[in-house]
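Given next are the chains, with one letter for each unit.
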Amino acid sequence: MLNTLRPPRLPASVLQAFATAAYGLEGRWTPLEGERDQNFRVEGGAGSVVFKLCHPEEGEDVLLCQAEALEHIALADPSLPVPRLLRTRERNLLGHLEHEGRRYPVMVLSWLEGRVLGEDRLTPEALRDLGALLARLGLALRGFVSGAPAARSLVWDTRRVLGLAPQAALLPEEDGALAAEILARHRDVTAPAMRRMRSQIIHGDVHPYNALHGRDGRVSGIIDFGDMVHGPLILDLANAAGDFLHPSGDAAETLFEMVRGYQSVTPLEEAEADALLDLIEVRLVMTPLIDALKSANGIEAQGYFESFNGRSMPMIRELRRLGPGKLKGLVRRAATFPSEPARHAQTAEEAIARRRRVMGEKLYVFYDPPLHIVRGEGVWLTASDGRRYLDCYNNVPHVGHCHPYVTEAIARQARTLNTNTRYITDQSIEYAERLAGLSAEGLTAVVFVNSGSEANDLAWRMAKAFTGKSGGLAMDFAYHGVSEAIDAFSPSNAPEHWHAPHIRLLPPPDTYRGPYGADELGLGARYAALADPLIAELEATGHGVAAAMIDSAFMTNGILDAPEGYLQAIVDRVHRAGGLFIADEVQSGFGRMGTAFWGHRHHGVTPDFITTGKPAGNGHPVGAVITRPEILAHFLSFGPFFSTFGGNNVACAAGIAVLDVIRDEGLVENARATGAYLRQGLSALMVKHPLIGDVRGVGLATGVELVRDRKGKEPAGAETTRLLSLLRDEGVLIGGEGKFGNVLKIRPPIVFTRGDADIAVAAVDRALARL
């Protein structure tokens, strides 16, 4: 609605008599400018106030809204430099002056010291202050509720700017064309986006003529709440940024500093940051459009409006000269987003070519052709072509891709502090306490590193130092990491090139394919006895046994559920030989096996070391060694150990968040129940598909072994490779595993549900039928 109201012109004597009677105000009266109100500064013994005689047609509900908003702000943020409402002697929000048959609402406000900014320029620091002040104002109004701002029709309301479109024809030709272009983009792009943005009651009209600054040049106050509306929160920043662009100033600097200041209090959402420049153009173009509308209705521009009108179109052209792409990148950086959204390759082929150029010719990737993944959520991955895939393979996003609780914990801590454990930090202490509490087997000493490889490497060093021995035991075809020392424990890295004279490889306790079958007695003891000659060899060569390192789920061996008593019998033999046991819990820990938090507890053993890796941080780099205090003390007696960013605040915040999610969402039990349900469904497929030789596993660690004939158990390695591609085509991602590459490895995030299991089983069924 076009405002045609003009300030009342009542005699000062009438106002003064009313002010004394209703408010007890007396003093020196000085007229002030007002667009719709008759305003005075009243200086008395108790200080100065602003007396506002409002137009009778302004609307009682709008004025009450202003008064209530100011009282709300005074409670929400008492230090915010905005006027404070003075109630009448009868404690009413508004006064009412009767004069010549008309009833005029009255509002009395505290006087804010400072000078109206007007045409003066703000320094970068002052612009930053202004941005922060706008954000504080938005926060203070967040909980304020009133129907008046939503119901009012205000010509300056950006939400209603398309109603000004006919006025573009009244502007000079080039200006009119530019205005029409801006409005068209707003109609097609920005206005629809605004419907999804944070909205509330906002001031909506902070500009240089209602912002005050003090002698230090900083913004000292915001006045004039007469244009409050209910709209997107970003409009407070967009409108002010447009109005504070100065003809002789640096537009890029103004935008950058105001956004930085705002962001320091209220972080922008990405959609808000991306819309900001368009909304600033809309704010600027509104001035000449409204001026054209006023002229068409015979209304002359008043006060500072003429100044704003004269610079609006030139400022839009200046912004365009600087380049919208450059300015949007500037805004994004100020709002802590990458200067440009991540650029996805147009095709998978393009991505592969780019990768080969900078990451080497050899592609160590899943599937042929590889998948170009751009987004993850829960148990789903999205490729660059928009197709979603059920992730039944990735254990690193342990509680689901981009779990919101974990990602927020990481972001919040990164905004606060990220340093190392040479300082005392709350996060590292809490995380160490949580891990030690979960171990509860005398393993109360925690050392942080950055990955599972580092954790296993450190545990191995500690074991050698504590025992004085140098030999180790690992499972045949095991994987424990990529460091030089741990590569020796990882024959699966390069089986044909593996050579480690100080390591002996244990035959896996495979009751399906191994020397002892599932129907035989004493399996645990019989498989464990296979370690005896290996231990003897290490003793004979002078290495002895410093440690055995075993993954409790036997993942690379095809995901074995080892026979009862096997792992304890291995641990007993290692201890008798003077060695220690390292439980590698990178893949099996944190509830994956469903029967306990740690995989080794499924086997009923107590290790000397627990090692963890990236699943502990849901993919964020974090690792830990949990051991007995005496082992750590002995190791440190040879010299200090320090990992610069092991145990940093952000990594520990991620780890703590993962523990919270596992506990709060009952994910250990979920792994148990969902894993059993999944294997039940897969086992049922054996009737239809003779290629399935065995279905096994514990919790959400499941192996499906494929064989060409069930009697001879010839590994179906080639068929497994083809099946994985067919499953990819079905939209389900599963890995291959085992020494013969013939085991389907199903190891999803442990938020995997029965519904997800149904999808996976149906896909395996269809893919096997196609195979």
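All residue numbers refer to position in the chain's written sequence, counted from 1. Residue-level local features of this predicted model are given only where pLDDT is at least 70; pairs of side-chain atoms are given and counted only at 80 or more, and the full residue set underlies all totals for whole chains, interfaces and linings. Side-chain calculation: all heavy atoms of the structure are included, whereas hydrogens and water are not.

1. Notes on the overall build of the chain
Numbering of helices and strands runs from the N terminus, with a helix taken as a DSSP run of H or I at least four residues long and a strand as a DSSP run of E at least two residues long. Along the backbone of the chain there are 24 helices and 26 strands. Atoms counted for the radius of gyration: C-alpha only. Globule rule: 2.2 Å times residue count to the power 0.38. The C-alpha radius of gyration computed for the chain amounts to 36 Å, which surpasses the reference 28 Å derived for 771 residues by more than 25%, pointing to a less compact arrangement than a globule. Projected onto the principal axes, the alpha-carbon positions of the chain cover approximately 110 × 60 × 45 Å. In this analysis, two residues are considered to be in contact whenever any of their non-hydrogen atoms come within 4.5 Å of each other. The contacts of the chain with a sequence gap of at least 6 include a subset with a gap of at least 24, amounting to 73%. Approximately 32500 Å² of the chain is accessible, and the part contributed by carbon and sulfur atoms is 52%. Shrake-Rupley sampling with a 1.4 Å probe provides the accessible areas, and residues are treated as covered by the protein chains on show and by no other component.

2. Some points on empty space enclosed by the protein
If you roll a probe as big as a water molecule over the atoms, it shows you where there is empty space left. Within this scheme a cavity is a closed region of a 1 Å grid, computed over the protein atoms alone, that accommodates a 1.4 Å probe without allowing it to escape, whereas a pocket is open but has protein on both sides within 12 Å along at least five of seven lines; lining residues each have an atom within 4 Å of a point. Grid points are joined across faces, edges and corners, and a volume is the space filled by probe spheres set on the points. Applying the stated criterion to the full structure yields eight cavities of 30 Å³ or more. Size it by volume and the largest cavity reaches roughly 160 Å³. Lining the largest cavity are 19 residues; nearest its centre among them are Asp120, Arg121, Phe244, Leu245 and His246. If you list the elements that add at least two residues to the lining of the largest cavity, you get helix 6 (234-244), helix 7 (251-265) and helix 9 (305-322). Ten residue types, Ala, Val, Leu, Ile, Met, Phe, Trp, Tyr, Cys and Pro, are classed as nonpolar, four, Asp, Glu, Lys and Arg, as charged, and the remainder, Gly among them, as polar. Its residues assigned to classes, the lining of the largest cavity comprises eight nonpolar, four polar and seven charged.

3. With respect to the environment of Glu181
With respect to the helices and strands, Glu181 occurs in helix 5 (residues 173-194). Separated by 13 residues in the primary sequence, Glu181 and Ala168 have C-alpha atoms spaced 9.9 Å apart.

4. Brief notes about helix 13 (residues 426-439)
In a regular helix each residue adds 1.5 Å, so 14 residues correspond to 20 Å; helix 13 covers 20 Å between its end C-alpha atoms and thus fits that length. Partly exposed residues are those whose accessible area sits between 20% and 50% of the maximum for their type, while under 20% is buried and over 50% is exposed, using a 1.4 Å probe and protein chains only. Looking only at helix 13, the buried set comprises Gln427, Ser428, Tyr431, Ala432, Leu435, Ala436 and Ser439. Taken around the axis of helix 13, the buried residues stretch over an arc of 155°, which confines them to a single face. Exposed residues pointing more than 90 degrees away from the buried face of helix 13 are listed as Asp426, Glu433 and Gly437. Expected helix span is computed as 1.5 Å times (number of residues minus one). Note that the arc is computed from the directions linking the helix axis to the C-beta atoms.

5. Quick word on the pattern of salt bridges
Criterion for a salt bridge: a side-chain nitrogen of Lys or Arg within 4 Å of a carboxyl oxygen of Asp or Glu. In total, this model carries 53 salt bridges according to the counting rule given. Note that Arg320 is salt-bridged to Glu281, the shortest N-O span being 3.0 Å. In this pair, Arg320 is assigned in helix 9 and Glu281 in helix 8 (residues 270-296), connecting sequence segments 39 residues apart. When the shortest N-O distance is used, the salt bridge between Glu537 and Arg504 registers 2.7 Å. With Glu537 in helix 17 (residues 532-540) and Arg504 in strand 17 (residues 503-506), this residue pair connects regions lying 33 residues apart in the sequence.

6. A word on the state of the cysteines
Count a disulfide wherever a pair of cysteine sulfur atoms falls within 2.5 Å. According to the stated counting rule, one finds zero disulfides in the structure shown. Free of any disulfide, Cys402 has its nearest cysteine sulfur in Cys392, 17 Å distant.

7. Focus on the pairing of strand 10 (residues 219-222)
Relative to strand 10, strand 9 (residues 211-213) runs antiparallel, the two sharing three bridges. Pairing of Ala211 across the sheet is with Ile222, part of strand 10. Taken together, strand 9 and the strand that follows it, strand 10, pair antiparallel across an intervening segment of five residues, in which Gly217 is found at a positive phi of about 85°. Any two strands with at least two DSSP-identified bridges between them are counted as paired.

8. A few points about unusual backbone geometry
With phi around 65°, Thr336 is a residue other than glycine that occupies positive phi space. Here Thr336 lies in the loop between helix 10 (324-334) and helix 11 (348-359). According to the relative accessible area criterion, Thr336 is exposed, its value standing at 60%. Positive phi values are uncommon outside glycine, yet Cys402 reaches one of about 55°. Mapped onto the elements of the fold, Cys402 is located in the loop between strand 14 (388-391) and helix 12 (404-416).

9. Quick word on the layout of surface pockets
Taken as a whole, the largest pocket holds about 1400 Å³ of empty space. For the largest pocket, the lining is made up of 40 residues, of which Phe366, Tyr393, Gly736, Glu737 and Lys745 are closest to its centre. Elements represented by at least two residues in the lining of the largest pocket include exactly helix 14 (452-467), helix 23 (717-729) and strand 25 (735-737). Looking at the lining of the largest pocket residue by residue, the classes come out as 14 nonpolar, 18 polar and eight charged.

10. Examining the pairing of strand 2 (residues 38-44)
With respect to burial, strand 2 is a largely interior element, five of its seven residues being buried. Inspection of the sheet shows strand 1 (residues 28-32) paired to strand 2 by five bridges, in the antiparallel sense. Looking at the pairing, Pro31 lines up with Phe40 of strand 2. Linking two consecutive strands that pair antiparallel, namely strand 1 and strand 2, is a turn of five residues. Inspection of the sheet shows strand 2 paired to strand 3 (residues 47-53) by seven bridges, in the antiparallel sense. By the bridge assignment for strand 3, Gly44 is matched with Gly47. Between strand 2 and strand 3, which follow one another and run antiparallel, lie two residues.

11. Quick word on the sheet that holds strand 25
Strand order in the open sheet formed by four strands is 22-23-26-25, and the pairing between neighbours is antiparallel. The open sheet is flanked by strand 22 (692-698) and strand 25, the only strands paired with a single partner. Going across the sheet, the axis of each strand differs from the next one's by a mean of 30°, ignoring polarity. Across four bridges, strand 23 (residues 701-706) lies against strand 26 (residues 743-746) in antiparallel orientation. Counted as the bridge partner of Gly703 is Lys745 from strand 26. Between N-to-C directions, angles span 0 to 180 degrees; the directions come from axes that are lines fitted to C-alpha atoms, helices contributing only their stretch in contact.

12. Observations regarding the packing of helix 2 (residues 60-76) against helix 3 (residues 124-141)
Packing of helix 2 against helix 3 leaves a shortest axis separation of 9 Å and a crossing angle of 105°. As judged from the angle between their axes, helix 2 and helix 3 are roughly perpendicular. Contact residues: helix 2 offers Ala69, His72, Ile73 and Ala76, while helix 3 offers Leu137, Ala140 and Leu141. Class assignment of the residues belonging to the contact of helix 2 with helix 3 gives a composition of six nonpolar, one polar and no charged. To sort the angles, those under 35 degrees are grouped as roughly parallel, those over 145 as roughly antiparallel, those from 65 to 115 as roughly perpendicular, and the leftovers as oblique.

13. With respect to the side chain of Thr611
Relative to the helices and strands, Thr611 resides in strand 20 (residues 609-612). What qualifies as a polar contact is a pair of N or O atoms within 3.5 Å, subject to a donor-acceptor requirement within protein and to the restriction that residues adjacent in sequence count only when both atoms come from side chains. Here Asn456 takes part through its side chain, which lies 2.7 Å from a polar atom of the side chain of Thr611. Not counting the four nearest positions on each side in its chain, Thr611 is found in contact with Ala455, Asn456, Ala459, Ile582, Ala583, Asp584, Glu585, Val586, Ala624 and Val625.

14. Looking at the sheet that holds strand 9
Ordered in space as 7-9-10, the three strands form an open sheet in which the pairing is antiparallel. Every other strand in the sheet has two partners, leaving strand 7 (115-116) and strand 10 as the edge strands with one partner each.

15. Observations regarding the packing of helix 22 (residues 667-684) against helix 24 (residues 754-770)
Where helix 22 contacts helix 24, the two axes come as close as 9 Å, and the packing angle between them is 20°. With respect to helix 24, the axis of helix 22 lies roughly parallel. By crossing handedness, the relation of helix 22 to helix 24 is classed as right-handed. On helix 24, the residues that touch Thr674, Tyr677, Leu678, Gly681 and Leu682 of helix 22 are Arg754, Ala757, Asp758, Val761 and Val764. Of the residues that constitute the contact of helix 22 with helix 24, the class distribution is six nonpolar, two polar and two charged. By the definition used in this description, the sense in which the near helix is turned from the far one sets the handedness, with an anticlockwise turn below a right angle giving left-handed and a clockwise turn giving right-handed.

16. A few points about helix 20 (residues 629-636)
Among the residues of helix 20, Ile631, Leu632 and Phe635 are the ones counted as buried. Looking straight down helix 20, one finds its buried side chains confined to an arc of 95°; they lie on one side. Buried residues along helix 20 sit against strand 15 (445-449), helix 14, strand 19 (580-584), strand 20 and strand 21 (623-627).

17. Structural notes on the packing of aromatic side chains
Each aromatic ring pair is characterised by the separation of its centres together with the angle its planes make. Geometry of aromatic contacts follows a simple scheme: Phe, Tyr and Trp rings, the Trp one being its six-membered ring, pair when their centres are within 6.5 Å, and the pair is stacked under 30 degrees between planes, edge-to-face over 60, tilted otherwise. Tallied over the entire structure, the rule returns 12 aromatic pairs. Taking 4.9 Å as the distance between ring centres and 75° as the angle between the ring planes, the aromatic pair formed by Phe366 and Tyr393 counts as edge-to-face. Taken together, the residues span a long stretch of sequence, with Phe366 in the loop between helix 11 and strand 12 (373-377) and Tyr393 in the loop between strand 14 and helix 12 at a distance of 27 residues. The partly exposed category is assigned to Phe366, whose relative accessible area is 47%. Here the aromatic rings of Phe554 and Tyr566 are separated by 6.3 Å at their centres, their planes lie at 55°, and the arrangement is tilted. Of this pair, Phe554 sits in the loop between strand 18 (547-551) and helix 18 (566-576) while Tyr566 sits in helix 18, and the two are 12 residues apart along the sequence.

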